[in-house]
Amino acid sequence: MAPYIGTATSRIDGIAKVTGAAKYAAEFNVPGLLHGSVVTSTIAKGRITRLDTSAAMRVKGVIDVLTHENRPPMADNDQAYKDDVAPPGSPFRPLYDDKIKFNLQPIALVVAETSEVARFAASLVTVEYEEVAHVTDIFAARDAAVPIKPPASPVGFTPPKARGQPNRALARAAVRHEGEYYVPIEHHNPMELYGATVIHESDGKLTVYDKTQGVQNVQRYLCGVFGMKPEGVRVLSPFVGGAFGSGLRPQFEAVLAVLAARALERSVRVVLTRPQMYALGYRPAMVQRIALGADADGTLDAIAHDAVTATSQFEEYFRQETGWSGLLYKCANAKYEHKLARLDLPTSCDMRAPSAPTALFALESAMDELAVALELDPLELRLRCYSERDQNHDRPFSSKALRECYRQGAEAFGWNKRNGAPRSMRDGSELVGWGMATGIWEALQMPITVRIALTANGSAEVACATSDIGTGTYTIMAQVAADMLGLPLENISIKLGDSTLPNSPVEGGSWIAASVSNGIATTVAAVRNELLELAKKVPNSPLANAAPDEVKLADGMIVDERDGSRSVSIADAMRHGGVERIEQEETTNPTADDSRARNTHSAVFAEVKIDEEIGVIRVTRVVSAIAGGRVLNTKTASSQILGSVVWGIGMALHEETLIDHKLGRVMNANIAEYHVPVNADVHDIKVIFVHEHDDSNPLGVKGLGEIGIIGVAPAIANAVYHATGKRVRDLPITLDKLHP
Ligand code: MOS
């Protein structure tokens with residue numbers, strides 16, 4: 001179609017990032033900037049009975065210590081603290097009162113002239129508590145867990161309705177598998193620490209540089225919490241060093257920095273320490289029971305999926321944990337139950353592909369176990385229960401090239417050379433295991449507004465308040481705009497991550513690529529129409545009779561699509577019209593078409609090699625075949641999937657937030673002890689994008705930010721079983737679990 005869309009275009013912000021020119025929230029400086037250091041709770045539940053800040057106040061360079069006792073006023077109602085993506089419940093209010101709801105809760109902010117002084121002085125704040133009993137262990141809370149009931153959820157995350165006669169189907173099944181699966185709490189651990197720099201402008205307005213996935217969400221939230229007028233606070237986040245969902249909701253660093261800036265009428269920065277980032281939310285621990293029933297020929301006949309996930313005592317965070325099961329495979333009988341276990345922890349939150357990697361770890365492990373019971377190749381089992389419809393809602397998919405993912409993935413991996421018997425494959429002293437799993441995610445599009453300003457010299461500025469959380473949004477926006485405006489990529493500049501720009505939802509749910517690219521298309525059409533009007537006024541205009549949908553913009557020209565020789569240059573059209581600049585702003589509201597399910601899919605194949613003496617597991621090969629609609633940029637898209645696969649390796653083998661349940665405190669709140677994959681853990685990863693045409697939005701874009709992690713952990717777990725004959729149903733698969 002065009003020179004940029006669908007190509008491996010390098011990031012337009014790449015040079016700025018590698019040279020350090022790209023500035024992150026905690027890197028914006030102003031003279032007289034003060035630094036805040038957060039003091040956190042050492043108990044999990046109770047109240048503060050005494051807070052002594054006198055020693056901290058005596059340290060030279062300390063300006064103030066803010067606590068719930070001396071802070072400026074904050075809103076006193078839940079509604080004020082509800083951000084755009086808040087779950088049901090009563091949001092946490094930082095530094096609000098004496099109540100302690102979780103360990104590591106912020107309870108004071110020491111503000112000083114330097115960050116070192118602030119941090120030292122923070123260590124001198126002494127606190128006395130009145131403790132009450134807490135529970136942080138999901139296994140201790142699961143019996144008291146309560147079912148999710150509609151209409152608690154804003155977007156239909158409640159479990160789908162049961163269908164058929166699941167109990168009877170399970171009872172009569174020729175082959176059954178039933179198992180319990182566990183995924184622990186995991187934390188996001190982005191490289192960039194959460195930080196906010198609040199600049200107290202001379203007119204009293206605040207400019208807030210915050211690490212966030214949604215500047216307008218943070219802006220609205222701050223206005224709610226502090227009763228500020230929208231024009232009094234501007235939130236910016238031009239670059240984000242990873243967030244993965246932890247930055248969808250406003251976090252407390254922004255509240256604390258604004259609190260201090262308002263109290264002191266000074267500019268203030270607050271940066272969290274790595275351990276403090278463990279108070280920001282997490283992927284909820286999940287205990288799942290899956291029961292599958294099949295006919296002897298491998299036809300899936302019954303699915304029962306029950307889940308208990310962790311949330312806080314004050315909010316009910318959940319996603320579509322169980323519904324994926326009945327969506328993915330053809331199965332006439334299905335039932336679901338999802339309960340929430342309330343823990344004395346911060347509220348759980350979105351983490352890359354919220355609910356799907358955990359749910360599919362259970363489902364895809366169970367499918368592998370069923371295949372073993374059926375003595376069937378695990379890929380063959382998937383093909384036998386391949387579903388052409390979304391059975392949860394009895395509707396077709398807008399597109400679903402999963403079969404092609406299975407085919408191309410299996411071929412690239414060499415799956416047909418697999419010997420199905422466990423422990424049957426070796427490489428020298430190592431056991432070799434091959435496993436596979438399926439992934440599914442949503443392909444959403446959200447309302448978005450895009451402004452385009454085109455100047456007569458053929459350069460354009462494209463503006464939208466979306467973030468670029470590292471996914472490559474700057475680049476795809478420039479590619480789409482360049483192609484549609486018919487201009488070179490270098491002539492496009494992108495403005496994003498600023499609350500004063502046209503409206504955008506938070507960047508999450510894999511929906512920004514589809515939303516912003518189609519949003520650009522809408523605004524380009526308005527620009528084109530205005531250009532055509534101008535072009536018609538050119539003397540003897542070759543476009544005098546052309547209708548808007550008959551012309552396109554290409555090579556700096558307005559061109560009649562029916563006859564390429566009929567064209568007017570943008571420069572001429574604007575010159576004759578006497579305009580230097582064209583500006584259009586349009587909102588794109590995706591049509592609410594619920595008649596089709598919109599999903600991305602993947603097939604993941606993994607090879608592990610396991611040293612039997614030591615138990616070390618190496619993930620030596622992964623092939624991930626993705627059906628995700630049109631790929632706007634093959635380079636950044638591949639990077640998304642590569643990063644996702646790496647994270648899937650972490651989920652399978654390394655990641656686990658360990659809590660000392662006696663203290664209710666995270667024990668490994670650092671990335672030395674919370675293990676994530678390092679280079680030595682990452683070997684050969686191959687990404688395949690299968691062709692998939694989708695017409696649910698004009699550009700056929702589905703989004704690729706999240707599909708890549710789903711299915712990776714179960715593919716690895718299934719490979720570990722194949723290598724060793726040992727089934728591990730609780731993540732991560734550490735050495736001790738292979739050697740009981
Ligand atoms: Mo994503 S977990 O919606 O940033």
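A quick note: this is a predicted structure, and the numbers were derived from the prediction, not measured.

S.K.: Would you explain unusual backbone geometry in this entry?
M.R.: When glycine is set aside, most residues are seen to have a negative phi, and most peptide bonds are trans. Backbone torsion omega between Leu731 and Pro732 reads -10°, so that peptide bond is classified as cis. Its location among the elements puts Pro732 in the loop between helix H16 (712-724) and helix H17 (735-738). Residue Asn189 is not a glycine yet carries a positive backbone phi of 50°. Looking at where Asn189 falls in the secondary structure, it is placed in the loop between strand E8 (175-183) and strand E9 (195-200).

S.K.: Just checking my understanding: could you explain the environment of Leu280 for this structure?
M.R.: For Leu280, the location among the structural elements is in the loop between strand E12 (268-271) and strand E13 (286-294). Look at Leu280 and you get buried, because its relative accessible area is 7%.

S.K.: Looking at this structure, how should I read the side chain of Ser569?
M.R.: Its location among the elements puts Ser569 in strand E25 (residues 567-569). With residues near it in sequence (within four places) discarded, Ser569 still touches Gly556, Met557 and Ile558.

S.K.: Would you explain the packing of helix H13 (residues 512-536) against helix H14 (residues 570-577) in this entry?
M.R.: If you want to describe how two helices pack, look at the angle between their axes and the distance between the axes. The geometry of H13 relative to H14 is characterised by a closest axis approach of 8 Å and an angle of 70° between their N-to-C directions. Taken together, H13 and H14 sit at an angle that is classed as roughly perpendicular. Note on packing geometry: the crossing formed by H13 with H14 is left-handed. Here Leu531, Leu534 and Ala535 of H13 lie close against H14, whose contacting residues are Ile570, Ala573, Met574 and Gly577. Class assignment for the residues of the contact of H13 with H14 results in six nonpolar, one polar and no charged.

S.K.: Explain the nonpolar core here, please?
M.R.: Nonpolar side chains tend to gather and get buried jointly when the protein is soluble and globular. The biggest cluster of nonpolar side chains holds 94 residues, and the ones touching the most others in it are Leu300, Phe605, Val608, Ile716 and Ile733. The element that contributes the greatest number of residues to this core is helix H9 (residues 356-374), accounting for eleven residues. Those residues within four positions of Ile716 in sequence are excluded, and the remaining contacts are Ala606, Val608, Val619, Gly648, Ile649, Ala652 and Leu653. Within the second largest apolar cluster, 69 residues are counted, among which are Val208, Val308, Ala465 and Ala669.

Cut-offs and rules
Throughout, residues of each chain are indexed from 1 in the direction in which the sequence is written. Only residues with pLDDT of at least 70 are given local features in this predicted model, and only at 80 or more are side-chain atom pairs given and counted; all residues enter the totals for whole chains, interfaces and linings. Side-chain metrics rest on all non-hydrogen atoms present in the structure, leaving aside hydrogens and water. Going along the chain from the N terminus, every DSSP run of H or I of four or more residues is numbered as a helix, and every run of E of two or more is numbered as a strand. When accessible area is computed with a 1.4 Å probe and restricted to protein chains, residues below 20% of their type maximum are described as buried, those above 50% as exposed, and intermediate ones as partly exposed. Working rule for contacts: check all heavy atoms of both residues, and any pair within 4.5 Å makes them a contact. The axes are straight lines fitted to the C-alpha atoms, using for helices just the contacting stretch, and the angles between their N-to-C directions are given from 0 to 180°. With respect to orientation, any angle under 35 degrees is reported as roughly parallel, any angle over 145 as roughly antiparallel, any angle of 65 to 115 as roughly perpendicular, and every other angle as oblique. Take the far helix as the reference: if the near one is turned anticlockwise from it by less than a right angle, the crossing is left-handed, and if turned clockwise, right-handed. Put simply, Ala, Val, Leu, Ile, Met, Phe, Trp, Tyr, Cys and Pro go in the nonpolar bin, Asp, Glu, Lys and Arg in the charged bin, and everything else, Gly too, in the polar bin. The definition of a nonpolar core used throughout is a set of buried Ala, Val, Leu, Ile, Met, Phe, Trp, Tyr and Cys residues joined through side-chain atoms within 4.5 Å.

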